[in-house]
Amino acid sequence: MPTPPPLSRPDCAQVQVSRLRAGVLGADADCVAEETPVALEFNGISHATMLATPADLEDFAVGFSLSEGIIDGIGDVRGIDLLRQCDGIVVQVEISTACEVRLKSRRRAMAGRTGCGLCGVETLPEVLRPVAPVAGGAPVRVQAVLAAMRGMRERQALHDLTGATHAAGWAGADGAVALVREDVGRHNALDKLVGALARQGMRAGGGIVTVSSRASFEMVQKTAAAGVGVLAAVSAPTSLAIRLADDANVALLGFLRGDDATVYSHPERITT
């Protein structure tokens, strides 16, 4: 069993459990992933509430804002404050006036999404909003994609402690992993990664995004919004995700396990 983390960690908690081992029941300690209501406010306007792991929330706020089209770039963010209220956290994001005006014109009523990307979106055009095609670039070696997935898995510290979180990672074209973010929600993990890339000013376009889940259409949207042309998932994509990947010029790979992978779109972006 992994060593329990310090109790001061915001992303997991130590709890007492009864554990059955070889037919013998005994007392033990376990690590569980934290899941906290996180409310996003933009210029004082309440916009969305999700259940998320309460770590890297500044990255989450920026990535969510970029993925949802609330801002156009990191320069539109004027400041981020975290405020603990009741049993949750309010993330107060100050954005440019132009972005605030645009946000007010979009009627949304979103609530609590750990796994579903549609909760509360009022119209289908809002769900299937167009994304700009990712710029072309040099093909990425499939071995680099496989290495990126292995590297992400090696850096899933919270998952190793709790077994309850997803991860999203970014690697360069050589497969070397530079960033990994974790969360109880797969969409949240990818938003955190997108936000971290933006906040660190990284040139993400020529790299690889890896996710520890299936690839839904929204995962493709977020990857394309970050300008990344390769998305690799541990599990399967959906048909809508493949269609979006075709339109957005994103190479979509699924079932990355060991030395195996399936390429579902833009195979010209992948080489041996």
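Throughout, a residue's number is its position along its own chain's written sequence, starting from 1. The model is predicted, so local features are restricted to residues of pLDDT at least 70 and side-chain atom pairs to those at 80 or more, both for listing and for counting; the totals for chains, interfaces and linings are taken over all residues. Calculated side-chain values reflect all of the structure's heavy atoms, with hydrogen atoms and water omitted.

A. Looking closely at unusual backbone geometry. Located in the positive-phi region is Asn 249, a residue other than glycine, with phi close to 65°. Of note, the phi angle at His 266 is positive, near 45°, even though the residue is not glycine. Helix and strand definitions here come from DSSP, where helices need a minimum of 4 consecutive H or I residues and strands a minimum of 2 consecutive E residues; each element is numbered from the N-terminal end. Here His 266 is to be found in the loop between β13 (260-263) and β14 (270-271). Exposed residues in this analysis have more than 50% of their type's maximum accessible area, buried residues have under 20%, and partly exposed residues fall in between, with area computed by a 1.4 Å probe over protein chains only. Here His 266 falls in the buried class, since its relative accessible area comes to 16%.

B. Up close: the pattern of salt bridges. We count a salt bridge whenever a side-chain nitrogen from Lys or Arg sits within 4 Å of a carboxyl oxygen from Asp or Glu. Enumeration over the complete set of coordinates arrives at 12 salt bridges. For Asp 30, the salt bridge goes to Arg 19, with nearest N and O atoms at 3.9 Å. In this pair, Asp 30 sits in strand β2 (residues 24-33) while Arg 19 sits in strand β1 (residues 12-21), placing the two residues 11 residues apart along the sequence. Taking the relative accessible area as the measure of exposure, Arg 19 reaches 17% and is therefore buried. When salt bridges that share partners are traced, they join Asp 56, Asp 59, Arg 181 and Arg 199 into one network.

C. Region of the structure containing the sheet that holds β13. Strand pairing follows a simple DSSP-based rule, namely that at least 2 bridges must link the two strands. Strand order in the open sheet made by the six strands is β9-β8-β10-β11-β12-β13, with mixed pairing throughout. Each of the sheet's edge strands pairs with one partner strand only, and the pair in question is β9 (177-183) and β13. In this sheet, adjacent strand axes meet at a mean angle of 20° when their direction is disregarded. Relative to strand β12 (residues 251-257), strand β11 (residues 230-233) runs parallel, the two being bridged by three bridges. Each bridged residue has a counterpart across the sheet, and for Ala 232 the counterpart in β12 is Leu 253. Contacts between residues were defined by any pair of non-hydrogen atoms, one from each residue, lying within 4.5 Å. Axes, fitted as lines to C-alpha atoms, cover a helix only where it is in contact. Angles between the N-to-C directions of the axes lie from 0 to 180 degrees. Relative to β9, helix α6 (residues 186-199) is tilted by about 140°, and along the sheet it contacts β8 (166-171), β9 and β10 (208-211). Across the face of the sheet, helix α7 (residues 217-225) comes into contact with β10, β11 and β12 while running at roughly 145° to β11.

D. Geometry of the sheet that holds strand β6 (residues 88-95). Strand order in the open sheet formed by four strands is β4-β3-β6-β5, and the pairing between neighbours is mixed. Of all the strands in the sheet, the pair left with one neighbour each is β4 (45-52) and β5 (77-85). Sheet twist, expressed as the mean angle between neighbouring strand axes with direction ignored, is 20°. Across eight bridges, β5 lies against β6 in antiparallel orientation. Pairing of Leu 82 across the sheet is with Val 91, part of β6.

E. Molecular detail of the packing of α7 against helix α8 (residues 239-248). Taken N-terminus to C-terminus, the directions of α7 and α8 make an angle of 20°; their axes are 7 Å apart at the nearest point. By the angle between their axes, α7 is roughly parallel relative to α8. α8 is crossed by α7, and the crossing has right-handed handedness. Residues Phe 217, Val 220, Gln 221 and Ala 224 of α7 touch α8, and the partners they reach there are Leu 240, Ala 241, Leu 244, Ala 245 and Ala 248. Residue polarity follows a fixed list, in which Ala, Val, Leu, Ile, Met, Phe, Trp, Tyr, Cys and Pro are nonpolar, Asp, Glu, Lys and Arg are charged, and the others, Gly among them, are polar. For the contact of α7 with α8, the per-class residue count stands at eight nonpolar, one polar and no charged. By the definition adopted for this analysis, an angle is roughly parallel if under 35 degrees, roughly antiparallel if over 145, roughly perpendicular if from 65 to 115, and oblique otherwise. Helix crossings fall into two classes, left-handed where the near helix is turned counterclockwise from the far one by less than a right angle and right-handed where it is turned clockwise.

In short, shape yes, function no, at least from these values alone.
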